[in-house]
Amino acid sequence: MSSNKIVLTSSDGESFQVEEVVARKLQIVKHLLEDDCVINEIPLQNVTGNILSIVLEYCKKHVDDVVDDDASEEPKKKKPDDEAKQNLDAWDAEFMKNIDMETIFKLILAANYLNVEGLLGLTCQTVADYIKDKTPEEVRELFNIENDFTHEEEEEAIRKENAWAFEADTKHEDPKP
Amino acid sequence: MTTSQFKKSKLIENNSQSLEILKEKNFNDVPLDVAIEIFMRLPVKSVARFLLLSKFWAEIIRSRHFITSFQVRSSLQPRLLVVFIDLNKQWNCEDWYFFSLSSSTTSSLSRVTCPFPDYVHYSHYVNGLISLGSGLEKVITNPSTGKSTVLGRVQTNSKVAKCFLGYDPVNDEYKLLVLCMKEKMQRHDGRTRILQLSSQHQVFPLGVKKKPWRMIDYTTPHGPVLNSVCIDGVLYYVAFTGEDLSQLSLMRFDLGSEKLDLFTSLPADFPAAFLHGFTLMRYKGKVALATKTLFIGIEVWVLDQQAEIHGCLKKSFSIIGGKWLFCDLFITGTTHTSEFILAPRFYSNRFYVIYYNPDTESLRKTKVEVHGGYDFKHRETKAMVFSGLCRDCSVVVGDTVSCFGNKD
């Protein structure tokens with residue numbers, strides 16, 4: 001495969017020229033290219049330039065990732081060894097740390113629409129880590145969920161049954177029977 | 001609102017004002033399948049708490065689809081159960097601290113107090129439940145949730161009993177095989193031996209279906225040693241058998257039919273003198289006895305429980321590298337990818353778990369980092385490591401017997 005360049009255009013008119021192999025990380029692009037027609041420019045309606053640039057930054061870094069269901073005819077890339085994987089994981093962590101939560105949510109929507117699997121997993125995991133210690137009240141605020149439980153249903157049924165889930169992880173003192 | 005203000009709102013995470021800001025920006029635009037992707041990556045505790053979000057969300061979380069996907073995800077990240085046992089002499093009880101170890105992180109799971117201290121500690125972790133306590137009085141715990149059940153004292157005249165916990169996947173039942181022991185003096189060649197042999201064989205089913213404990217048909221006394229291993233609904237353990245209890249054999253107890261029998265004898269060249277350095281475990285689906293050898297290696301005796309001819313194969317592995325680590329390590333079991341797990345037997349602040357892959361002859365290690373001011377860190381605290389820790393999802397569904405049950 002020649003190192004073709006493809007231009008991706010965002011909904012607000014920003015254009016990004018990338019190597020074909022990077023563009024193919026976006027499954028939506030990969031499917032378009034599969035039909036063997038020569039496409040040089042692809043408009044992406046649902047993604048702003050701001051978000052698209054972040055997505056492409058991720059794709060450039062992960063261009064060598066081995067994908068199990070990769071049906072392309074390119075020679076199978078060597079599986080990254082443990083150290084390389086650790087470096088990638090560290091890069092991913094740093095990458096997410098520098099992005100605010102609002103942008104991460106937009107990235108999730110973009111990764112979902114553009115179908116960039118690794119990025120979807122990474123962003124979802126970041127949000128999961130963000131909400132995992134939050135109270136149900138806080139999560140309702142975040143996702144705008146209405147609480148339709150009555151007090152009995154909430155207290156009796158769920159809190160009691162799963163009391164272990166509501167215990168805080170505190171330091172344990174010397175035990176007494 | 002400018003970008004820099006949003007960056008700040010992420011940094012002051014617990015500031016409720018920031019939540020107000022975030023709320024205005026319509027996070028509910030996230031489609032349902034994506035929200036589910038997020039929830040599937042949460043720890044069990046969080047998922048159980050979020051049953052409270054709304055009736056709709058409770059339904060989603062309890063749905064077969066969610067639970068199956070959740071289980072599949074967690075099985076992709078194999079984790080180990082690390083246990084630290086702190087003996088409290090003053091109160092004559094033990095504190096069992098459970099931690100989960102993934103490839104890089106240690107997280108605290110729960111803590112359980114066991115009122116029956118047991119100094120030998122052959123504990124069994126089977127399909128999500130672990131047995132604590134000395135032979136006659138047992139506590140069954142789910143380490144993920146910390147919920148326990150104390151079983152009634154075994155009815156017997158014996159003072160000592162050996163118990164093996166097993167899980168029957170066909171009937172979705174946990175059972176305890178209880179071997180009540182007695183001592184017998186034996187004179188042999190002018191020397192006296194004290195034999196420990198089983199006098200009563202009982203089975204104790206656990207769970208909702210309150211079946212009573214009962215005696216099983218097998219009555220031949222034998223001397224069980226070491227731990228047991230449960231493979232596909234069958235419990236295996238090693239015992240001294242025969243008239244004078246001198247023949248080492250592998251015993252087999254089928255949890256479904258509750259039939260106990262002598263499966264096969266161990267080969268004559270098995271080093272019985274070093275028996276107590278061995279651990280019974282599952283190796284590539286087969287029953288195996290493994291030990292660490294003197295010159296930094298692993299010796300495994302594999303018994304194929306499914307083979308027509310009951311043979312025993314001995315394999316030896318030499319571990320290259322990591323010599324300095326090796327001294328305090330012992331084999332505790334295998335991972336589902338057939339790596340050997342080696343871990344220390346006591347807590348220290350340099351507690352490493354080593355994974356040895358015999359096929360690729362490679363080693364990797366993970367440090368167990370226990371954060372927090374636990375008292376057990378300053379004492380000689382026993383440690384145990386088990387493989388097969390799964391995120392127990394059925395507790396989320398709110399089963400009545402939420403202590404048990406790890407439905408597939």
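Since this is a predicted model, take the numbers as computed values, not measurements.

Student: Hey, could you run me through the overall build of chain A in this one?
Tutor: The number of helices and strands found in chain A is nine helices and three strands. Listing each helix as α and each strand as β along chain A from the N terminus yields β-β-α-α-β-α-α-α-α-α-α-α. For chain A, the residues scored as buried account for 40% of the 177 residues in total. Across chain A, the fraction of contacts at a sequence separation of at least 24, relative to all contacts at a separation of at least 6, is 59%.

Student: So what exactly am I meant to see when it comes to the pattern of salt bridges here?
Tutor: Note that side chains of opposite charge can pair when their charged atoms are close. In this structure the tally under the stated criterion is 13 salt bridges over all chains. With a closest N to O distance of 3.7 Å, A:Lys97 and A:Glu94 form a salt bridge. On the criterion of helical spacing, the pair formed by A:Lys97 and A:Glu94 is a turn pair, its members being three residues apart in helix α4 (residues 82-97). Judged by relative accessible area, A:Glu94 falls into the partly exposed class, the value being 40%. A salt bridge links B:Asp359 to B:Lys284; the nearest nitrogen and oxygen atoms lie 3.0 Å apart. Note that B:Asp359 is positioned in the loop between β22 (352-357) and β23 (362-367) and B:Lys284 in the loop between β16 (279-283) and β17 (286-293), a separation of 75 residues in sequence. What you see here is one network of salt bridges that share partners, running through B:Glu173, B:Lys175, B:Arg214 and B:Glu258.

Student: Sorry, what's going on with the pairing of strand β5 (residues 129-132) of chain B here?
Tutor: For a regular strand, side-chain orientation follows a simple rule: the groups alternate between the two sheet faces. Residue and element names in this part refer to chain B. Residues Leu-129 and Ser-131 line one face of β5 and the alternating positions Ile-130 and Leu-132 line the opposite face, and both faces are buried. Sheet topology note: the strand β4 (residues 125-126)/β5 ladder contains two bridges and is antiparallel. Bridging from a neighbouring strand, Tyr-125 pairs with Ile-130 of β5. Taking the residues between adjacent antiparallel strands as the criterion, β4 and β5 are bridged by two residues, where Asn-127 takes a positive phi near 50 degrees.

Student: Can you walk me through the layout of surface pockets in this structure?
Tutor: Empty space among the atoms becomes apparent when a probe as large as a water molecule is rolled across them. All names here are of chain B. As a volume, the second largest pocket reaches approximately 550 Å³. Along the walls of the second largest pocket sit 28 residues, with Val-160, Lys-162, Met-181, Gln-196 and Pro-224 positioned nearest its centre. Where the lining of the second largest pocket is concerned, the elements lending two or more residues are β8 (160-168), β10 (191-206) and β12 (223-231). By residue number, the principal contributor to the lining of the second largest pocket is β8, which donates five residues. Of the residues assigned to the lining of the second largest pocket, the class counts are 15 nonpolar, eight polar and five charged.

Student: Quick question: what am I supposed to make of the sheet that holds strand β19 (residues 312-318) of chain B here?
Tutor: Strand pairs in the sheet, formed through backbone hydrogen bonds, run parallel or antiparallel to each other. All names here are of chain B. Spatial ordering of the open sheet is given by β16-β17-β18-β19, a layout of four strands whose pairing is antiparallel. Every interior strand has two partners, whereas the edge strands, β16 and β19, have only one. The average undirected angle you get between the axes of adjacent strands in this sheet is 30 degrees. In terms of strand pairing, β16 meets β17 through five bridges, oriented antiparallel. Note on β17: the bridge partner recorded for Thr-279 is Ala-290.

Student: I tried to follow helix α5 (residues 55-62) of chain B on my own but got confused; where do I start?
Tutor: Residues spaced three or four apart along an α-helix face the same direction, because each turn holds 3.6 residues. Residues of α5(B) that are buried include every one of B:Trp57, B:Ala58, B:Ile60 and B:Ile61, and no others. Around the axis of α5(B), the buried residues are gathered within 160 degrees of arc, so they sit on the same side.

Student: Where do I start with the sheet that holds strand β3 (residues 41-43) of chain A in this structure?
Tutor: Residue and element names in this part refer to chain A. Pairing within the open sheet is mixed, and its three strands lie in the order β2-β1-β3. If you trace the sheet from one side to the other, it starts and ends with β2 (15-19) and β3, each paired once. Along the sheet, successive strands turn relative to each other by an average axial angle of 25 degrees, direction set aside. One ladder, built from three bridges, connects strand β1 (residues 5-9) with β3; its direction is parallel. Looking at the pairing, Thr-9 lines up with Pro-43 of β3. In the packing of helix α3 (residues 49-61) onto the sheet, the strands contacted are β1 and β2, and the crossing angle to β2 comes to about 10 degrees.

Student: Help me understand the packing of helix α5 (residues 101-114) of chain A against helix α6 (residues 117-131) of chain A, please; the structure alone is not making it clear to me.
Tutor: Each pair of packed helices can be described by the angle between their axes along with the distance between the axes. All names here are of chain A. Between α5 and α6, whose axes approach to 9 Å, the crossing angle comes to 145 degrees. Handedness of the α5/α6 crossing: left-handed. Between α5 and α6, the residues in contact are Met-101, Ile-104, Phe-105, Leu-107, Ile-108, Ala-111 and Asn-112 and Leu-119, Leu-120, Thr-123, Cys-124, Thr-126, Val-127 and Tyr-130, respectively. Considering only residue class, the contact of α5 with α6 consists of 11 nonpolar, three polar and no charged.

Student: Sorry if this is basic, but what is going on with the environment of B:Ile231 here?
Tutor: Relative to the assigned elements, B:Ile231 resides in strand β12. Setting aside chain neighbours within four positions, we find B:Ile231 in contact with B:Tyr236, B:Arg282, B:Gly285, B:Lys286, B:Val287 and B:Gln305.

Student: Please clarify how the side chain of B:Asn88 should be interpreted in this entry.
Tutor: Residue and element names in this part refer to chain B. Structurally, Asn-88 can be placed in strand β1 (residues 79-88). Overall, the relative accessible area of 9% leaves Asn-88 in the buried class. At 3.1 Å, the side chain of Asn-88 and the backbone nitrogen of Gln-90 are in polar contact. In this structure the side chain of Asn-88 is engaged in a polar contact, spanning 3.0 Å, whose partner is the backbone nitrogen of Trp-91.

What counts, and where the lines are drawn
- Residues numbered from 1 in each chain as written.
- Chains lettered and ligands numbered in written order.
- Predicted model: local features only at pLDDT ≥ 70, side-chain atom pairs only at ≥ 80, totals over all residues.
- Heavy atoms only, no water.
- Helix = DSSP H or I, 4+ residues; strand = E, 2+ residues; numbered from the N terminus.
- Buried < 20%, exposed > 50% of the residue type's maximum accessible area, 1.4 Å probe, protein only.
- Contact = heavy atoms within 4.5 Å.
- Salt bridge = Lys/Arg side-chain N within 4 Å of Asp/Glu carboxyl O.
- Pairing = 2+ DSSP bridges.
- 1 Å grid on protein atoms, 1.4 Å probe; cavity = no way out; pocket = protein on both sides within 12 Å on 5 of 7 lines; lining within 4 Å.
- Points joined across faces, edges and corners; volume = space filled by probe spheres on them.
- Nonpolar A, V, L, I, M, F, W, Y, C, P; charged D, E, K, R; others polar.
- Axes fitted to C-alpha atoms, helices over the stretch in contact; angles between N-to-C directions.
- Arc of directions from axis to C-beta.
- Left-handed = near helix turned anticlockwise from the far one by under 90°.
- Polar contact = N/O pair within 3.5 Å; in protein donor to acceptor, adjacent residues only side chain to side chain.

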